[in-house]
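# What the coordinates show
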Amino acid sequence: MFADVDRSIAEGVNIIILSDRGVNARNAPIPALLATAGLHHHLIRQGTRTRIGLVLESGEPREVHHFALLIGYGCGAVNPYLVYESLDDLIREGLLPGVDHKTAIKNYSRRR
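Residues numbered from 1 in each chain as written. Predicted model: local features only at pLDDT ≥ 70, side-chain atom pairs only at ≥ 80, totals over all residues. Heavy atoms only, no water.

## Topic: the overall build of the protein chain
Heads up, the condition is: For the purposes of this entry, the term helix denotes a DSSP run of H or I that reaches at least four residues, the term strand denotes a run of E that reaches at least two, and both are numbered from the N terminus. Between buried and exposed lies partly exposed: a residue is buried under 20% and exposed over 50% of the maximum accessible area for its type, with that area taken using a 1.4 Å probe on protein chains only.
A tally of helices and strands in the protein chain yields 5 helices and 3 strands. Moving toward the C terminus, one meets the helices and strands of the protein chain in the order α-β-α-β-α-β-α-α. Projected onto its principal axes, the C-alpha coordinates of the protein chain cover approximately 50 × 30 × 25 Å. Of all 112 residues assigned to the protein chain, the portion counted as buried reaches 29%.

See below:
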């Protein structure tokens, strides 16, 4: 992962998106905090950290503390896609009556 990011930076990329989508039997995920912190510190050692922004797309973060740790370890933005998909499932199953997708996301984000 580090070598791929180094190559991308050399090619002029300025935003790196770390994602755990596409996990399967052959592609195990790296825990989100480990991947973020590891890459952040690698880039500091390389002297390239200020050249890029780190974005995380992960199913792991759910609680305020998860987001705080990720941001503290170098992540500039977090897309907790599994939370959003779970909210959509709850709406579809009628477990959040009278709540649409936009309102559910707003209510979830407000608590963060």
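The rest of the description comes next.
## Considerations on the sheet that holds strand β3 (residues 77–79)
The criterion, for reference: Strands were regarded as paired on the criterion that DSSP finds at least two bridges between them. For helices, the axis comes from a line fit to the C-alpha atoms of the stretch in contact; other axes are also lines fit to C-alpha atoms, and the angle between any two N-to-C directions lies between 0 and 180 degrees.
Within the open sheet, the 3 strands sit side by side as β1-β2-β3. Their pairing is parallel. In this open sheet, the two strands that pair with only one neighbour each are β1 (15–19) and β3. With strand direction ignored, the average angle separating the axes of adjacent strands in the sheet is 20 degrees. Where β1 and strand β2 (residues 53–57) come together, 5 bridges link them in parallel fashion.

## Structural notes on the pairing of β2
So the rule is basically this: Here, the term right-handed applies to a crossover whose path from the first strand over the helix to the second runs clockwise when the strands point away from the viewer.
In terms of handedness, the path from β1 via helix α2 (residues 32–46) over to β2 forms a crossover that is right-handed. As judged from the 3 bridges shared by β2 and β3, these two strands associate in the parallel manner. Looking at the pairing, Val 55 lines up with Ala 77 of β3. Crossover β2 to β3 through helix α3 (residues 64–72) is right-handed.

## Side note on the packing of aromatic side chains
Which entries qualify depends on this criterion: Centres within 6.5 Å are what make two rings of Phe, Tyr or Trp a pair, Trp counting through its six-membered ring; a difference in plane orientation under 30 degrees is then read as stacked, over 60 as edge-to-face, and the rest as tilted. Sitting over a ring, as applied to charges here, requires NZ of Lys or CZ of Arg to be within 6 Å of the ring centre and within 35 degrees of the ring normal.
Counted by the stated rule, this structure contains 0 aromatic pairs. A cation over an aromatic ring shows up here: Arg 21 above the ring of Tyr 81, its NZ or CZ 3.9 Å from the ring centre.

## Regarding the pattern of salt bridges
The condition that has to hold: We define a salt bridge as a contact between a side-chain nitrogen of Lys or Arg and a carboxyl oxygen of Asp or Glu at a distance within 4 Å.
Throughout the structure, instances matching the rule amount to 4 salt bridges. Here Arg 21 makes a salt bridge to Glu 85, at a shortest N to O gap of 3.5 Å. With Arg 21 in the loop between β1 and α2 and Glu 85 in helix α4 (residues 81–92), the pair connects residues that are 64 residues apart, well separated along the chain. A relative accessible area of 34% means that Glu 85 is categorised as partly exposed. Across the pair Asp 89 and Arg 92 runs a salt bridge, and its minimum N-O distance is 2.3 Å. With Asp 89 and Arg 92 both in helix α4 and 3 residues apart, this pair spans about one turn of that helix. Of the residues examined, Asp 89 reaches a relative accessible area of 35% and is grouped as partly exposed. When its relative accessible area of 62% is taken as the criterion, Arg 92 is described as exposed. Taken together, the salt bridges that share partners define one network made up of Arg 21, Glu 57 and Glu 85.

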